[in-house]
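# Coordinate inspection notes
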Amino acid sequence: MFRNFKMVDRLVYGRGCLAQLEGILEERRNSESGGMVFLMDDVFHGGPLPSRIPIRDGDRLLWVNVDQEPTTVTVDSLVETVQSAGPNPSAGVIGVGGGSVMDLAKAVSVMLTNPGSAADYQGWDLVENSSIYHVGVPTLSGTGAEVSRTAVLIGPVRKLGINSDYSVFDQIVLDPDLTATVTDEQRFYTGMDCYIHCVESLNGTYLNAFSRAYGEKAMDLCREVFLAERTPESEEKLMIASLYGGMSIAYSQVGVCHALSYGLSYVLGLHHGIGNCVVFDALEEFYPESVDEFRTMCDRHGVSLPRHLTSSLSEDQFNTMTRVALSMDPLWENALGPDWKSRMTEDRVRELYEAM
Ligand SMILES: [Fe+2]
């Protein structure tokens, strides 16, 4: 069976295209529905960005803090806040921020039309009802969350996405100007998420011509961004790299790094980008040339990765990390093939974690 995957319906790209959001939302506003719900990263609080967001009477702006990775509890509480405003369904959810805010917007749009807790839907294709209209406005490039069908959440027992066709954005607004305020460190770690998507897709057993085409182009763009001088076009390239990297894994899968990174983040609370970098640095055995290139990128950008993160973890914590990592079957199968369980045992995962 070939994957029949859902893509983002509409996409606008270009410097300054955020100005078109008002007209885009206008088409979705009607007298029967409630207002729009804007979820915005609170790093923009007090800055110039909120005044550029087309908020009207009846809309709501909810600030979200993503210093910690988003949890199913965060999603449930946002849904409760939105629903407490009145009986009319919201006209749409618009996420403005990095990958975590994209994931929150996707998850909230799903949970506004589905009963229970977001934790009930962590997994693959568990969502039954269509989500409400939702728009992604990324302010950071690399995660591919703008184009993927996953809304990654820390839940009560694991870090795992809501993976559903209903979580895919109806519209994305890709304005490279919005990434101007990100710190160099954040830009690097999130950009490396994209680089690692490409490595894992291009080296995976699920690879086909579709994911290869997107993955190779995204990889080229990452190299232009992180191995050459920074130019005004760099942010434009990185935004497209993120999109193409996301498209590549939509038809393949990520691999060893993401599987281990999920476990590491679950226990240590590390953000996805830096968590991936810590893990990737320990994966020479699986992706030798790419790990070499990654280290060159780290050097060029003066990034020194945190070390010995697992040296004081308890037995319980190691077991939890291992359990979370080994539950990511599709990632391991993509990386190591159908007999991955014979190669990736609990002991081997433990050894890899001990090296971080
Ligand atoms: Fe990722």
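Here the structure is a predicted model, which means the values were calculated and not measured.

Conventions used here
- Residues numbered from 1 in each chain as written.
- Predicted model: local features only at pLDDT ≥ 70, side-chain atom pairs only at ≥ 80, totals over all residues.
- Heavy atoms only, no water.
- Salt bridge = Lys/Arg side-chain N within 4 Å of Asp/Glu carboxyl O.
- Buried < 20%, exposed > 50% of the residue type's maximum accessible area, 1.4 Å probe, protein only.
- Helix = DSSP H or I, 4+ residues; strand = E, 2+ residues; numbered from the N terminus.
- Expected span 1.5 Å × (residues − 1).

### Topic: the pattern of salt bridges
Evaluated as defined, the whole model comprises 24 salt bridges. A salt bridge links Lys6 to Asp9; its shortest N-O distance comes to 3.3 Å. Taking the relative accessible area as the measure of exposure, Lys6 reaches 30% and is therefore partly exposed. The partner of Glu235 in a salt bridge is Arg230, with the nearest N and O atoms 3.3 Å apart. Glu235 gets classed as buried once you look at its relative accessible area, which sits at 10%.

### Some thoughts on helix H4 (residues 184–202)
Each α-helix winds once per 3.6 residues, and so residues spaced three or four apart point in a common direction. If you check H4, its first and last C-alpha atoms are 27 Å apart, about what 19 residues at 1.5 Å a residue would give, namely 27 Å. Burial runs high along H4: 15 of the 19 residues are buried.

### A short note on unusual backbone geometry
Of note, the phi angle at Asp125 is positive, near 60°, even though the residue is not glycine. Within the secondary structure layout, Asp125 lies in the loop between strand E5 (123–124) and strand E6 (134–138). In the Ramachandran plot, His308 falls in the positive-phi region, its phi being about 55° despite a non-glycine side chain. With respect to the helices and strands, the residue His308 is situated in the loop between helix H9 (288–300) and helix H10 (315–326). Of the residues examined, His308 reaches a relative accessible area of 63% and is grouped as exposed.

Geometry only, nothing functional implied.
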